[in-house]
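Here is what each chain is made of, one letter per residue.
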Amino acid sequence: MRSRILFISGHREDAPRLSQMLHALPLALDHVGTVRHARAKLQQKDYPVVLTEAALPDGTWLDVLHLTRESPHPAEVIVTDPQADARFWAEALNLGAYDLLTQPFYEPEVRRILFNACARLTFEPYPRAAASST
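Just so it is clear, the structure is predicted and the values come from calculations on it, not from any experiment. Residue positions are counted from 1 within each chain, in the order its sequence is given. Side-chain atom pairs in this predicted model are given and counted only at pLDDT of 80 or more, local residue features only at pLDDT of at least 70, and totals for whole chains, interfaces and linings cover all residues. Computation of side-chain values covers all heavy atoms of the structure but excludes hydrogens and water.

Asker: Quick rundown of the packing of helix α2 (residues 35–44) against helix α3 (residues 61–70)? Include the residues and the values.
Answerer: Orientation is described by lines fitted to C-alpha atoms, with helices fitted over the stretch in contact, and by angles between N-to-C directions that extend from 0 to 180 degrees. Note on conventions: DSSP H or I runs of at least 4 residues are helices, E runs of at least 2 residues are strands, and numbering of each starts at the N terminus. Closest axis-to-axis distance for the α2/α3 pair is 11 Å, and the angle between their directions is 15 degrees. Judged by the angle between their axes, α2 and α3 are roughly parallel. For the pair α2 and α3, the crossing hand works out as right-handed. When α2 is examined against α3, the residues Val35, Ala38, Arg39 and Leu42 are found in contact with a partner set consisting of Asp63, Val64, Leu67, Thr68 and Glu70. What sets the label is the angle itself: under 35 degrees gives roughly parallel, over 145 gives roughly antiparallel, 65 to 115 gives roughly perpendicular, and the rest give oblique. In this scheme, a crossing is called left-handed if the near helix is turned counterclockwise away from the far one by less than a right angle; it is called right-handed if the turn is clockwise. Here a residue-residue contact requires only that any non-hydrogen atoms of the pair lie within 4.5 Å.

Asker: Tell me about the pairing of strand β3 (residues 49–53), residues and numbers included.
Answerer: Summary of the burial criterion: residues with accessible area below 20% of their type's maximum are buried, those above 50% are exposed, and those between are partly exposed, where the area comes from a 1.4 Å probe applied to protein chains only. β3 sits mainly inside the fold: five of its five residues count as buried. Two strands are counted as paired when DSSP detects at least two bridges linking them. The pairing of strand β1 (residues 3–8) with β3 spans four bridges and is parallel. Directly across from Ile8, in β3, lies its bridge partner Thr52. Pairing of β3 with strand β6 (residues 76–81) involves five bridges; the strand directions are parallel. Residue Leu51 lies in a different strand from β6, and its bridge partner there is Ile78.

Asker: Can you explain the packing of aromatic side chains? Please cite residues and give values.
Answerer: Two aromatic rings, drawn from Phe, Tyr or Trp (for Trp, its six-membered ring), form a pair once their centres lie within 6.5 Å of each other, and the interplanar angle then sorts them: stacked below 30 degrees, edge-to-face above 60, tilted otherwise. Evaluated as defined, the whole model comprises one aromatic pair. Between Trp61 and Phe88, the aromatic rings sit 6.0 Å apart at their centres with planes inclined by 85 degrees, giving edge-to-face as the arrangement. Of this pair, Trp61 sits in helix α3 while Phe88 sits in helix α4 (residues 86–95); the two residues are 27 residues apart in sequence, bridging distant segments of the chain. When its relative accessible area of 4% is taken as the criterion, Trp61 is described as buried.

Listed below in structure tokens is the structure:
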């Protein structure tokens, strides 16, 4: 079964490129261009990961983070930005983002980060051995 990732970007041309990068993994991409459309998608489907541009036509990545926090299903938020620097990366992580992807997209990094983020929510952690009472 393929995990679905919601990609929020005003740059329509990025969605096919990202889909191509993910084709060999059990991941599929749905694309919307605005926070408003993302809200509707998140109400319809359970997405373990939301990949969003930092700046959107009708909001920012923080609006997306709040949307996922309001959703009944947990989702990891990954932020993408061509101007990502260490300060922005630290801010995003401190405020609750899972990770940051710089643009232009580098396929091995995209695949690793998106796969790991999906796996974090869709797979049960390895069970610990029960402590023995002696």
